[in-house]
Amino acid sequence: MKKTVFILIIFSIVLTKVQAQEVIWLSNTPPDFMKKQVKSSGMHRWSAIKQDRNNNQYTNKKKNYKKSDKDSSKTGTNNKANRRQYYGGSTKYVQWIRQGSSIKNASYICLDDSTDYSITLMSPVSKKEPIELIKGKTCYLKFEMNEEGYYNAYLIIKKPVGDTLYINIAKTELLNHSCRNGHHKKLEARPVMHYPEITDFEIIRKRHPYEDYHYFSVSGGDEKYQALFKGKAVEGAKITVNTQKGWRNTVLTDKNGEVDIQFIQDYFSNWQELNRRKIHYYLLEADYTVKQDIEYKAKPYHYIHYKFTMSDGYRPARTMYTSMVWGLIVFLLVTILSISGIFIYKERRKRPYKELEFNEKLKD
Amino acid sequence: MQKLKFKQYIDNSNVSRFRFWVQIISFFIFVYGGYFFIEIASRLPIFSCPYVQGSPGGCYLIGVQHELNTSWSSLFSFRGLAILTSLATFLVFFIFLNKAWCGFVCPLGTLQDWITKLRKFLGFSFTRYDEMSFKKLKVIKYMLLVLLILIPLGIRNTFFGIPLPHGMHTPFCQICPARIILPLFTGDTSQIFIDFTDTTTIIMTSLGMMVAAIFLVGSFVKKRFFCFFCPMSALHFIFSKISLLRMTKDGDKCTRCGNCYRVCDVGIREIADDVISKNIVKDDCMLCVKCVEACPEDDCLKISFAGIPLFNATQEGFFKRYSGTSLTEYIKSIEPNKEQEDESK
Ligand code: SF4
Ligand code: SF4
Ligand code: SF4
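Predicted, not measured: the structure shown is a model, and the values here were computed from it.

Calculation criteria
Residues numbered from 1 in each chain as written. Chains lettered and ligands numbered in written order. Predicted model: local features only at pLDDT ≥ 70, side-chain atom pairs only at ≥ 80, totals over all residues. Heavy atoms only, no water. Near = heavy atom within 4 Å. Nonpolar A, V, L, I, M, F, W, Y, C, P; charged D, E, K, R; others polar. Axes fitted to C-alpha atoms, helices over the stretch in contact; angles between N-to-C directions. Helix = DSSP H or I, 4+ residues; strand = E, 2+ residues; numbered from the N terminus. Parallel < 35°, antiparallel > 145°, perpendicular 65-115°, else oblique. Left-handed = near helix turned anticlockwise from the far one by under 90°. Contact = heavy atoms within 4.5 Å. Pairing = 2+ DSSP bridges. Domains from an automatic or database assignment. Buried area = accessible area lost by both parts, 1.4 Å probe. Salt bridge = Lys/Arg side-chain N within 4 Å of Asp/Glu carboxyl O. Buried < 20%, exposed > 50% of the residue type's maximum accessible area, 1.4 Å probe, protein only. Phe/Tyr/Trp six-rings, centres within 6.5 Å; stacked < 30°, edge-to-face > 60°. Lys NZ or Arg CZ within 6 Å of the ring centre and 35° of its normal. Polar contact = N/O pair within 3.5 Å; in protein donor to acceptor, adjacent residues only side chain to side chain. 1 Å grid on protein atoms, 1.4 Å probe; cavity = no way out; pocket = protein on both sides within 12 Å on 5 of 7 lines; lining within 4 Å. Points joined across faces, edges and corners; volume = space filled by probe spheres on them.

A. Examining the site of ligand 3 more closely. Taken together, Met247, Cys264, Val266, Ile268, Ile271, Cys285, Met286, Leu287, Cys288, Val289 and Cys291 of chain B make up all the residues around ligand 3. Partitioned by chemical class, the residues of the shell around ligand 3 number 11 nonpolar, no polar and no charged.

Here's what the structure looks like:
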């Protein structure tokens, strides 16, 4: 009996620990049951609930407006507010909250009121902007992005276990860009923003020297990440990458707090099925523990363990579907053909030299 | 008096030499300017190609193709306004220089002039189209302009139930020689490729490579070969009349000597033949002003800006520019070679 109780106690401790460390992250892929309601952009990896989009299609507008009229008459909601929602305004972007390291199997979760969480959205110009947590069958964050550049959204969950305070920081970095706004600053890699005032520990993705608004990570390409603690680079932070198919790789940050990660192509498709626009997701996890005596909810703790997560997409490598050799072959072939064509054409148009002969006799 | 002297100085000057230097400076700005943090605008009336890493701006054609990839309903709502705004930006720039954007600023035009110089240096002869071909071929640029407008619209809206593949987005950029050739000047060879993603991309990128090859060979045998087919030039012509920079002709003073036609790189016959029109900027003209330089009749051809005369044809200017060249050399320099004459028959 004693033994069983002991095992149960140990088991429940382990379970709480596992739960506390269970990685929570922000994802822009909707759960299956919501897929039809969601519009996603491949290019910038954003998702939006269709009815929240800045939908300017006239027909849709009409349809939606009628629907909104009906809805409002039923629910008695403010018609004007509905109209604004359907008639334009900014698109509302969403991020789902997921739990588990496996991108494929991570569950979509909701946060209850007993959870100590905070959500923050920072604009490219480091301004705090509104973001809300929508609760329903699943939970998601909803926000607008009106400035051009990278937005950072954070979901921070605190949970004490034993003598350690676990802080799970789920971050997403989303680029808001429309080609219609032009590309004046395309040579300027969009600045990487980090916010020690929001989270002590943070991972940032360093920009490539010529990264522009259309930059996309690709399999085989190198990405550099840097771990920062209170704004300073940290050595020895553990960074793990998980790809959609389950490939995992763990590395430690160097003395500059940096790691280089190369996404592998962990899937193979037939030539005909190769889709260069297909996005595969990765999840980056980072762990860092500091020994620090702190007080949380009037209780003392001796350690803080940071669990940082960030997810983004990558595409198949360009070299998989483009061929410079074939480009050169076509180029050279057409060059040779057109030179020969011109040569033959010119030769044909040459007229033989004819000497003018005067018949002197005719003069007489 | 001072003013008159200054005007006389301008009329006697060698604008072609000035143009040569302006072209070099423009080429450097529009190919490398971005590296020096120069930013201009994204709706320029020339091939300032955003595919070139150092480009300080963007060409209007890519903008218009992106913008038109939209549904009819959006086109007539706020998106329509955005399209008009970008057209207005294009016009703000265009209005100042008219077609001189082509003659003085466009990097692709400059490149063609340099290829012509190389040909001259190597001693190869050049060709001109005969009148019939000239008339037939000049339609191509309008066709390209219409296609680059209709294809993006067709991708979103399906005309006559024919679905157009997404792979044809920005269709002109896909076949534009500037996209492939200009990045080479920054050491970037990444635009030389065939995209095997799907049949459309294979066809479009192959066409692009073919056009680039034809561009190089064509520019070698024919002056301003590509400009003759350039949809930007067609677009310029639509708005040419509202521009502040103008080229006018006084038909009464024209003796139809044909000097202007002989020096014209594009081969515009009307510049000599047309003694009726006052505005003599034709759709293929690039306002290079070579014809004004070669015109020996006082005030026959004139360049003006907002009504202010800038550069007039004068007998004195004509002889100044061509002095130092013997008459035979001069005739040789402006006379089309024998072969050309044959072809134009
Ligand atoms: S016509 Fe020639 S010079 Fe003018 S935009 Fe086209 S390529 Fe450039
Ligand atoms: S590819 Fe050609 S048409 Fe497209 S942006 Fe570049 S210069 Fe303009
Ligand atoms: S008509 Fe005159 S300005 Fe126009 S392209 Fe010919 S030579 Fe140049």
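That covers the picture; the talk isn't over yet.
B. View of the packing of helix H7 (residues 107-122) of chain B against helix H12 (residues 199-221) of chain B. Residues and elements named next belong to chain B. Two elements in contact, H7 and H12, have axes whose closest approach is 8 Å; the angle formed by their N-to-C orientations is 55°. Considering the angle they form, H7 stands oblique to H12. The hand of the H7/H12 crossing is right-handed. Note on element contacts: H12 touches H7 through Phe215, Leu216, Ser219, Phe220 and Val221, opposite Leu108, Leu111, Gln112, Ile115, Thr116, Leu118, Arg119 and Leu122.

C. Examining the sheet that holds strand S19 (residues 299-314) of chain A more closely. All names here are of chain A. In spatial order, the strands read S7-S6-S10-S11-S19-S18-S15-S16; together these eight strands make up an open sheet with mixed pairing. On the outer flanks of this sheet lie strand S7 (128-129) and strand S16 (248-252), each paired with one strand and no other. Note: strand S15 (residues 238-243) against strand S18 (residues 280-296), six bridges, orientation antiparallel. Following the sheet pairing, Lys238 is matched in S18 by Asp287.

D. How the structure looks around the domain arrangement of chain B. All names here are of chain B. Along its sequence, chain B is organised into domain 1 (17-236) and domain 2 (246-344). Here the C-alpha centroids of domain 1 and domain 2 sit 28 Å apart. Taken together, the contact between domain 1 and domain 2 spans 25 residues of the former and 25 residues of the latter. Sorting the residues of domain 1 by area buried against domain 2 places Lys99, Arg128 and Phe134 first, and these three jointly supply 30% of that buried surface. Our enumeration of links across domain 1 and domain 2 arrives at five salt bridges. Linking Glu131 and Arg269 is a salt bridge whose minimum nitrogen-to-oxygen distance equals 3.8 Å. Among the elements of the structure, helix H5 (78-97), helix H6 (100-105), helix H8 (131-137) and helix H9 (139-157) are those that each provide at least two residues to the side of domain 1 that touches domain 2. Here the side of domain 1 that touches domain 2 gets four residues from one element, more than from any other, and that element is H6.

E. View of the pairing of strand S8 (residues 131-134) of chain A. Residue and element names in this part refer to chain A. The alternating pattern of S8 places Ile131 and Leu133 on a buried face, while none of Glu132 and Ile134, on the opposite face, is buried. Bridging between S8 and strand S9 (residues 140-144) involves four bridges; their strand directions are antiparallel. Across the sheet, residue Ile134 finds its bridge partner in S9, namely Tyr140. What sits between S8 and S9 in their antiparallel hairpin is a turn of five residues.

F. Layout of the packing of aromatic side chains. For the structure shown, the criterion picks out 34 aromatic pairs over all chains. Relative to Tyr195 of chain A, the ring of Tyr154 of chain A has its centre 6.3 Å away and its plane inclined at 90°; by these criteria the two rings are edge-to-face. In this pair, Tyr154 of chain A sits in strand S10 (residues 149-161) while Tyr195 of chain A sits in the loop between strand S11 (164-176) and strand S12 (201-205), placing the two residues 41 residues apart along the sequence. A residue is classified by how much of its surface remains accessible, and Tyr154 of chain A, at 0% relative accessible area, is buried. Relative accessible area serves as the criterion here: at 3%, Tyr195 of chain A is assigned to the buried category. An angle of 50° between the planes, with centres 4.7 Å apart, marks the rings of Phe27 of chain B and Trp114 of chain B as tilted. Of this pair, Phe27 of chain B sits in helix H2 (residues 15-32) while Trp114 of chain B sits in helix H7, placing them 87 residues apart in sequence. Against the face of Phe33 of chain A rests Lys137 of chain A, its NZ or CZ located 4.2 Å from the ring centre. For the cation-ring pair, Lys141 of chain B lies above Phe228 of chain B, with the distance from its terminal atom to the ring centre recorded as 5.2 Å.

G. Seen up close, the pattern of salt bridges. Residues and elements named next belong to chain A. Following the criterion strictly, the structure yields 27 salt bridges over all chains and no others. Here Lys135 and Asp113 are joined by a salt bridge, their closest N and O atoms 3.0 Å apart. Here Lys135 is found in the loop between S8 and S9, whereas its partner Asp113 is found in the loop between strand S5 (107-108) and strand S6 (116-122), with 22 residues between them in sequence. A cluster of three or more residues bridged by salt bridges with shared partners is formed by Lys206, Lys224, Glu258 and Asp260.

H. Inspection of the interface of chain A and chain B at higher detail. At the interface, 34 residues of chain A touch 42 residues of chain B. Taken over both partners, the interface formed by chain A and chain B buries close to 3,400 Å², and the fraction arising from carbon and sulfur atoms is 61%. Scanning the region where chain A abuts chain B turns up zero salt bridges. Our count for the contact surface shared by chain A and chain B stands at three residue pairs in polar contact (both at pLDDT 80 or more). Elements with a contribution of two residues or more to the side of chain A that touches chain B: strand S20 (322-323) and helix H4 (324-349) of chain A.

I. Geometry of empty space enclosed by the protein. All names here are of chain A. Per the stated rule, a full pass over the model turns up eight cavities of 30 Å³ or more. Taken together, 16 residues line the second largest cavity, and the ones lying closest to its centre are His44, Arg45, Glu173, Leu174 and Asp312. Within the residue set of the lining of the second largest cavity, elements represented by two or more residues are strand S1 (24-27), S11 and S19. Class assignment for the residues of the lining of the second largest cavity results in seven nonpolar, six polar and three charged.

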